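# Structural description and commentary
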Amino acid sequence: MLSRRVANDESELLQLLADVLTLGDEVTWSIDLTDGGAALAITILFNHGQPVHYISGRAIHRASEGCRGEGKTDAKDAAVIAGQARIRHDLRPLRTGDEAVTDLEILTGRRADLVADRTRTVNRLRARLTGVFPGLERALDLTGTGPLVLLTGYQTLASLRRTGKKRLETWLRNRKVLRADRLAETALEAAGRQHTSLPGEKMIAQMVHTLAREVMVLNQQVAELDKAIEARFREHRDFEVIISMPGLGVILGAEFLAATGGDMSLFGTSDRLAGFGGVAPVPRDPGKISGNLRRPRRYNRRLQRVFCISALFSIRHCEDSRRFYERKRAEGKRHIQAVLALAHRRVNVLWALPRDGRTYEAVPPTVIAA
């Protein structure tokens, strides 16, 4: 009934809205993005009281395989989205987001980018340092502040030997490095095990110096972002509820809110939340076979990371989680299977706490008298 290219401009989007509403009284909008370039269009639709549904790019790709031809164009994708919205009744409706949750989405997304940049830079630093001084690379934790400060001043065998332990220790203490004596001793022991200078040492030393400073800058940016995330997270109504869950700290709790939108009613049941987070098995029962389960392929990777990492932390610090994990291991499940089972169990609790508006309380073990 209507198909045309529209620029991501407010005036054109408003004109499109007016043209579509003239086609009929009942209109449903469907879109394959929920943020970024689609933010303006979604906000305009919300402001005009229009229902908007989300359909994933994977679903569009699979549905387009049943269409004629192999070409991929914006017009074809739009037609597929419209067709899917017309025949499907399981599409997730989008809702106006909480301002705090929107801010946390932005902050946690930026943090994920910085952490990825830091990981890549640390890997480059390790590779360069291994090229001239493998013993020092093996002895130092290159994510810590002390070793990075050391590498900004000393990168080669000769420089460490010339300095000596006392001067190196004093140099580190002046830069407020903790356990400067132990770090100086470790560096000089590594220098004592290698007596061969490798080709390109001078140039690589300059690159090591630059990379170490870059990692320090990224560490500082991540630390500042963590403070901003905590400050914004504390303003959310479910802050106390979420962090009361064992294994969920400030960062993981903020990522949980950012991934779910903070509204548990969107999922309907805890099983849907577990499936969205990739910790619930998916049935695969062809023919007469039943009870055949497999790991899901479509899920939110960031949310699964939150569920699994928090489950691992809870095994260390929560007696209930540790007992559940050990029981699953005793049943013959592998480590990853036991962790996923624990994560699924914890999702049931985490889904109910914000719904009921109460914090987590550990259940004392039942004592049975003989």
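Per chain, residues are indexed from 1 in the order of the written sequence. It should be noted that, the model being predicted, local features are given only for residues of pLDDT at least 70 and side-chain atom pairs only at 80 or more, the latter also being counted only at that level, while totals for whole chains, interfaces and linings use all residues. Each side-chain value is derived from all of the structure's non-hydrogen atoms; neither hydrogens nor water enter the calculation.

### Remarks on the overall build of the protein chain
Basically, it comes down to this: By definition, any uninterrupted DSSP run of H or I lasting at least four residues is a helix, any uninterrupted run of E lasting at least two residues is a strand, and each is numbered from the N terminus. Radius of gyration: C-alpha atoms only; globule rule: 2.2 Å multiplied by the number of residues to the exponent 0.38. Exposed residues in this analysis have more than 50% of their type's maximum accessible area, buried residues have under 20%, and partly exposed residues fall in between, with area computed by a 1.4 Å probe over protein chains only.
Scanning the protein chain for helices and strands turns up 16 helices and five strands. At 27 Å, the protein chain has a C-alpha radius of gyration far larger than the 21 Å of a compact globule built from 370 residues. Along the first, second and third principal axes, the C-alpha set of the protein chain runs to 85 × 75 × 45 Å. The burial tally for the protein chain puts 38% of its 370 residues in the buried class.

### Let's talk about the packing of aromatic side chains
For clarity, the threshold we go by: Two aromatic rings, drawn from Phe, Tyr or Trp (for Trp, its six-membered ring), form a pair once their centres lie within 6.5 Å of each other, and the interplanar angle then sorts them: stacked below 30 degrees, edge-to-face above 60, tilted otherwise. Charge-over-ring placement is defined geometrically: NZ (Lys) or CZ (Arg) within 6 Å of the ring centre, and within 35 degrees of the ring normal.
The tally for this structure, following the rule as stated, stands at four aromatic pairs. Note on Y154 and W171: the rings are 5.1 Å apart at their centroids and 80° apart in plane angle, and the pair reads as edge-to-face. One end of the pair, Y154, is in the loop between helix 7 (145-153) and helix 8 (157-174); the other, W171, is in helix 8, and 17 residues separate them in sequence. Assigned by exposure class, Y154 and W171 land together as buried. In this structure, R301 is placed above the aromatic ring of Y299, and the distance from its NZ or CZ to the ring centre is 4.0 Å.

### Structural notes on a nonpolar patch on the surface
Worth spelling out the cut-off: Each patch is assembled from residues with relative accessible area greater than 30% and no salt bridge, linking like charges that lie within 9 Å and nonpolar side chains (Val, Leu, Ile, Met, Phe, Trp, Tyr) that lie within 5 Å. Using a 1.4 Å probe, accessible areas were evaluated by the Shrake-Rupley method; residue-level cover was limited to the displayed protein chains. One speaks of a salt bridge when a side-chain nitrogen belonging to Lys or Arg is within 4 Å of a carboxyl oxygen belonging to Asp or Glu.
On the surface, M1, L2 and L23 cluster together into a nonpolar patch covering about 360 Å² of accessible area. Assignment of secondary structure puts L2 in the segment before helix 1 (10-21). Relative accessible area serves as the criterion here: at 39%, L2 is assigned to the partly exposed category.

### Quick word on the sheet that holds strand 2 (residues 52-54)
Backbone hydrogen bonds hold the strands of a sheet together, and the pairing may be parallel or antiparallel. This is how the line gets drawn: Should DSSP find at least two bridges between two strands, the strands are regarded as paired.
Taken together, the three strands give an open sheet; going across it, the order is 1-2-3, and neighbouring strands pair in mixed fashion. A strand with exactly one partner marks an edge of an open sheet, and here the two such strands are strand 1 (29-31) and strand 3 (92-93). As judged from the three bridges shared by strand 1 and strand 2, these two strands associate in the parallel manner. Residue pairing for strand 2: W29 is matched across the bridge by V52.

### Some thoughts on the confidence of the model for the protein chain
Going by this rule: The predictor attaches a confidence to each residue, called pLDDT, with possible values from 0 through 100.
Here the protein chain averages 87 in pLDDT, while 97% of its residues score no lower than 70. When the elements of the protein chain are averaged for pLDDT, strand 5 (residues 293-294) gives the smallest value, 72, and helix 10 (residues 201-234) the largest, 94.

### A look at the environment of V215
Counted only if it meets this: Contact definition: two residues touch when any of their heavy atoms are within 4.5 Å.
Structurally, V215 is set in helix 10. By relative accessible area, V215 is classed as buried at 0%. The sequence separation of V215 and L142 amounts to 73 residues, and the corresponding C-alpha distance is 8.9 Å. In contact with V215, not counting residues within four places along its chain, are R118, T121, V122, L142 and L148.

### A look at the side chain of H236
Selection criterion: Here a polar contact is recorded for every N or O atom pair within 3.5 Å, except that within protein the pair must consist of a potential hydrogen donor and a potential acceptor, and residues adjacent in sequence are included only if both atoms are side-chain atoms.
Position of H236 among the secondary structure elements: in the loop between helix 10 and helix 11 (239-243). A distance of 3.0 Å separates a polar side-chain atom of H236 from the backbone nitrogen of D238. When near neighbours in sequence (up to four residues on either side) are disregarded, H236 contacts D98, A100, V101 and L257.

### Examining the state of the cysteines
As a reminder, the rule being used: Any pair of cysteine sulfurs within 2.5 Å is marked as a disulfide.
Throughout the structure, instances matching the rule amount to zero disulfides. A disulfide-free cysteine, C308 has its sulfur positioned 17 Å from the sulfur of C318, the nearest such atom.

### Observations regarding the nonpolar core
Here is the rule we go by: Throughout, nonpolar core names a set of buried Ala, Val, Leu, Ile, Met, Phe, Trp, Tyr and Cys residues whose side chains join them through atoms within 4.5 Å.
F233, L248, F256, L273, V279 and F307 are the most contacted members of the largest nonpolar core, which has 42 residues in total. Put simply, the parts of the chain that give this core at least two residues each are helix 5 (99-132), helix 10, helix 11, helix 12 (250-260), helix 13 (270-276), helix 14 (301-317), helix 15 (319-330) and helix 16 (335-356). The residues contacting F307, other than those within four sequence positions of it, are F256, L273, G277, V279, A343, V347 and L350. In terms of nonpolar packing, the next biggest core, distinct from the first, is built from 30 residues, L150, L172, A190 and A212 among them.

### Structural notes on unusual backbone geometry
At K176, a residue that is not glycine, the phi angle is positive and equals roughly 60°. Along the chain, K176 falls in the loop between helix 8 and helix 9 (180-192). In this structure, R179 is a non-glycine residue whose phi angle is positive, near 50°. As for its position among the elements, R179 is in the loop between helix 8 and helix 9. On the basis of relative accessible area, R179 is assigned to the exposed category, the value being 57%.

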